[in-house]
Every structure is written in structure tokens, then in C-alpha cells.
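Structural description and commentary
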Amino acid sequence: MASIRTRAERVDGGWILNGAKTFITGGVRADVLLTAVRTTPEGGHHGMSFLIVERAEDDGVTTSALRKLGWHASDTAEIALADVFVPEQNLLGEENGGFGLIVANFQWERLLMALGALGAMTVCFEQTLAFLRGREAGQAIRHRMAEIALEIEAGRCLTYAALRRYVAGADAVREVTMAKLRTQRAAVDAISACLDIHGLDAPPELERALRDARLGPIGGGTDEIMKEILGRSMGL
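Below you will find a few notes about this structure. A quick note: this is a predicted structure, and the numbers were derived from the prediction, not measured. (Residues numbered from 1 in each chain as written. Predicted model: local features only at pLDDT ≥ 70, side-chain atom pairs only at ≥ 80, totals over all residues. Heavy atoms only, no water.)

This part covers the overall build of the chain. In terms of helices and strands, the chain carries 5 helices and 7 strands. Counting from the amino terminus, the chain carries its helices and strands in the arrangement β-β-β-β-β-β-β-α-α-α-α-α. Here the C-alpha coordinates of the chain stretch approximately 75 × 40 × 25 Å along the principal axes. In the chain, buried positions account for 39% of the 236 residues. Residue pairs in contact within the chain that sit at least 24 positions apart in sequence constitute 70% of those at least 6 positions apart. In the chain, the 26 positive side-chain charges and the 31 negative ones have mean positions that sit 7 Å from each other. (Helix = DSSP H or I, 4+ residues; strand = E, 2+ residues; numbered from the N terminus. Buried < 20%, exposed > 50% of the residue type's maximum accessible area, 1.4 Å probe, protein only. Contact = heavy atoms within 4.5 Å. Lys, Arg positive; Asp, Glu negative; His and termini not counted. Charge placed at Lys NZ, Arg CZ, Asp CG, Glu CD.)

As for its placement among the helices and strands, Thr128 is situated in helix H1 (residues 98-132). Residues Thr128 and Met48 lie 80 residues apart in sequence; the distance between their C-alpha atoms is 47 Å. Setting aside residues up to four positions removed in sequence, Thr128 forms contacts with Met145, Cys194, Ile197 and His198. One polar contact links the side chain of Thr128 to the main-chain carbonyl oxygen of Cys124, over a distance of 2.8 Å. (Polar contact = N/O pair within 3.5 Å; in protein donor to acceptor, adjacent residues only side chain to side chain.)

Here we take up unusual backbone geometry. Backbone geometry places Trp71, a non-glycine residue, at a positive phi of 55 degrees. Here Trp71 is to be found in the loop between strand S5 (61-65) and strand S6 (76-87). The partly exposed category is assigned to Trp71, whose relative accessible area is 41%. Unlike most non-glycine residues, Asn96 shows phi in positive territory, near 70 degrees. Relative to the helices and strands, Asn96 is located in the loop between strand S7 (91-92) and H1. A residue is classified by how much of its surface remains accessible, and Asn96, at 32% relative accessible area, is partly exposed.

Among the nonpolar cores identified, the biggest contains 24 residues, and Met121, Cys124, Met145, Ile148, Ile191 and Leu206 are the most heavily contacted of them. At the level of elements, H1, helix H2 (139-167), helix H3 (173-198) and helix H4 (204-213) are the ones that each hand at least two residues to this core. Sorting elements by how many residues they give to this core places H3 first, with 9 residues. Excluding residues that lie within four positions of it along the chain, Cys124 makes contacts with Ile191, Cys194, Leu206 and Ala209. Residues Val37, Val61, Ile79 and Val84 belong to the second largest nonpolar core, which totals 13 residues. (Core = buried A, V, L, I, M, F, W, Y, C linked by side-chain atoms within 4.5 Å.)

Below, the structure is given as C-alpha cells:
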């Protein structure tokens, strides 16, 4: 995020934007774009601002939809900005103070992703339990289902603890990071295991759940970024 290159140059009455964005949720259909842009030439966390781009015909904004494995109900776009004018009043927050807003939003986004992963795991787990009832389940399947139940409970404890801390207004970056990191890969593995247990009898919604779950370890900050945040929080 600190490497954003899309820039906004000061002009009379506002800014001129040039650059590009990718993996933008809802970007194809959106009439209003909230853009993080660099408003000073310095790199890093400083000199970043939020500007609101209101779409209009021939405004210099072009979008194209990306093909994806999952999340087909939500469009994802590449957006190009070419000499786009944004008026002064469309600055959100303080000029050059946008990174703080990004960090604040990330905590809630990552909590939502952790909660979503828990929900997906739980639904697929319960669906698989119902499928197994009345069937002969060997030791390997029993043990795998036990492992999935453990992952769900561990993820729930981490996520709810982070959520309580966040709602209380405390610094919850470390707890939220742990919850996001633990639940996303666990959801992919758990749903994949449920799909294996169903075999050729797997319902299409279970297949879709696995495709959608693949976003988890990437969206809202990759697993590698989560580990980096955790490592730095320990002074490493």
C-alpha cells in the first residue's frame, strides 16, 4: 500500500489524477470511486490522500472487468485514470493524511473476512456432517472432521476476541491480524477437505465455496503481509 504510484497534481480548484488501479471491487459498475493517490513526490506512508472521483462521460476514467476463479457475484476491475480532474471539495480527510484512513479501514475489513471465513467453514462442515450421517465413515474421515471442528473453534475464539477488542476501541491490530491469518487458509483447507469427503456427490454450492474461499489468503492483505505485521509487532 505504501508503494502507491497513482499521483494527483495540484491545479487551480483541485487536482489532476494520473495512474491505474487493479483488483478494485465493484469498480466496473461504480459511479463514484474512492481513490488513494500520492499528493507529494515522497514515497512511503507519507504524502498519500483520498480523493473522490465522480464518474461522468469522457472523464478520463476507463474500466475493464477481470476474469476470476470465484466471487462472480462481485465484479473486480482494472481502472485507468488519465488527466482526471477532481475538485477541491472531493478531498476526504486531511491532505497527505490518507494512510491513517487506510490502516483504520483495514482492521474492519480483515475482521469481516475472518467472520466470513468462519461462516463458510461452518456451513460446509455442517453440510458434510449431514452427508455423513447414516453412512459408514472410516477413522480417517472421523479424524479429518475432528480437525475441521477444531479449526473452526480456534478461529472463532481468535476472531471474537479481536472483535471484542476492536469494538471496545482498543488497539486491536495484532489480534485482528492473527484472526485474519488463521481463518483464511484454514477455510480453504477445510472446505477442500469437505469437498474430498463428498467426492463425486459434492453439491455445486460446495465447489463454489472453495472457489470463493481462495480469495481469503490474498484479499485485505496477503498471508505474507499478515506475518510481516505480526513479526514487526514483536519487535523483529
